[in-house]
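Fold and geometry: a report
Residues per chain, in single letters:
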Amino acid sequence: MRYTTSLSLVAASAALLAPAGPDPAGPVTAVRPRVPAAPVASEHEAAPGGAPAPRGGALRRPSGPAFREPARSRERPALGRRGERVAAAELLAETRHCTPLSHGRYRSDAGGRADIPVCGRHGAVFWKADMDIDCDGRPGCHCNRRTDPHFARSTAFQGADGHRLDAEKVPYIVVPEPSRIWNHRADGIRGGSVAAVIHGDRLEYAVVGDTGPRDIIGEASYAVAKGLGIRPDPRGGGTDGDVTYVVFPDSEVTSLDDHEAAAERGEELARRFLRKAGARRAPATAPSAIAPHRR
């Protein structure tokens, strides 16, 4: 009896679960929305929502034409926050006005017009000229007697342990030899002094590494030109466009060929220069300068 009842219950359940007869309109297929697979983070990256990333497996990105790499901003951050770099525009804004230090003016090229003064402002020395390419120093693939007819195997100032500077690797600028026009030593500029070189929206830190003709100004090493996006070829490279050279007096680095140290020191000095410039403008609007109201 129990066995017969169990069989009846099974038969009834099967009847309830059995599908109905064929639909005259035809079978209906359910369409599920496509959900893109979540990216699998690598073991070094955090999963979305802050959860720990699963180990094993690289980050997978959606494939297909709809995927685009996120654009990277090329703008430098503003001055004043820790870890941010000084922008070229900030230095250019503070070198628009010139207080001449030189007793005359320089030419950008031999036979050219002498119309370039050396200026001083807020504790820095600067000038605006073109850029010729200096390849002097240690010979390399791009700087040698074959590539540069005026190549010299030495520079006025040397690197660590008296080694010759490598113009292809060391960003350095050239200052005119002392003359009646201007004596760079008198203004605290010597071999190894830190400089900031600006072209357009690019900024490159360098050191004073060589000297040039007494009446010509506007020259830098192969490495400086390359860093600024200027053609560095010693024969036909350089630029006639405006290049601003800012040198910080009494700022010599220990090793002229240590670019990392020069760049770190240059960033520090550039910030100080901008702070001085801002302090000169601030007193006019400072609260302490406003007379109290009298009734």
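Refer to the structure presented above.
In this report, we go over the structure that sits alongside the text.

Cut-off values and rules
- Residues numbered from 1 in each chain as written.
- Predicted model: local features only at pLDDT ≥ 70, side-chain atom pairs only at ≥ 80, totals over all residues.
- Heavy atoms only, no water.
- Core = buried A, V, L, I, M, F, W, Y, C linked by side-chain atoms within 4.5 Å.
- Buried < 20%, exposed > 50% of the residue type's maximum accessible area, 1.4 Å probe, protein only.
- Helix = DSSP H or I, 4+ residues; strand = E, 2+ residues; numbered from the N terminus.
- Phe/Tyr/Trp six-rings, centres within 6.5 Å; stacked < 30°, edge-to-face > 60°.
- Patch = residues over 30% accessible without salt bridge, like charges linked within 9 Å, V, L, I, M, F, W, Y side chains within 5 Å.
- Areas by Shrake-Rupley, 256 points an atom, 1.4 Å probe, with all protein chains shown as cover.
- Salt bridge = Lys/Arg side-chain N within 4 Å of Asp/Glu carboxyl O.
- Lys, Arg positive; Asp, Glu negative; His and termini not counted.
- Charge placed at Lys NZ, Arg CZ, Asp CG, Glu CD.

1. A closer look at the nonpolar core
- By size, the foremost hydrophobic cluster in this structure holds 56 residues, and its most contacted members are Leu-91, Trp-127, Met-131, Ile-173, Val-197, Tyr-245 and Phe-248.
- Mapped onto this core, the elements with two or more residues apiece are helix H2 (88-93), strand S2 (124-134), strand S3 (172-176), strand S4 (194-199), strand S5 (202-212), helix H3 (222-227), strand S7 (239-247) and helix H4 (259-281).
- The element that contributes the greatest number of residues to this core is S2, accounting for 7 residues.

2. Details of unusual backbone geometry
- The phi dihedral of His-122 is positive, around 55°, even though this residue is not glycine.
- Summarising the element assignment, His-122 is placed in the loop between strand S1 (119-121) and S2.
- With a relative accessible area of 10%, His-122 lands in the buried category.
- Although it is not a glycine, Asp-250 sits at a positive phi angle of roughly 55°.
- Note that Asp-250 resides in the loop between S7 and H4.

3. So, the packing of aromatic side chains
- Scanning all chains against the criterion turns up 2 aromatic pairs.
- These aromatic residues form a ring-pair network of at least three members: Trp-127, Trp-182 and Tyr-245.

4. Topic: a positive patch on the surface
- On the surface, Arg-138, Arg-145, Arg-153, Arg-164 and Lys-169 cluster together into a patch of positive charge.
- With respect to the helices and strands, Lys-169 occurs in the loop between S2 and S3.

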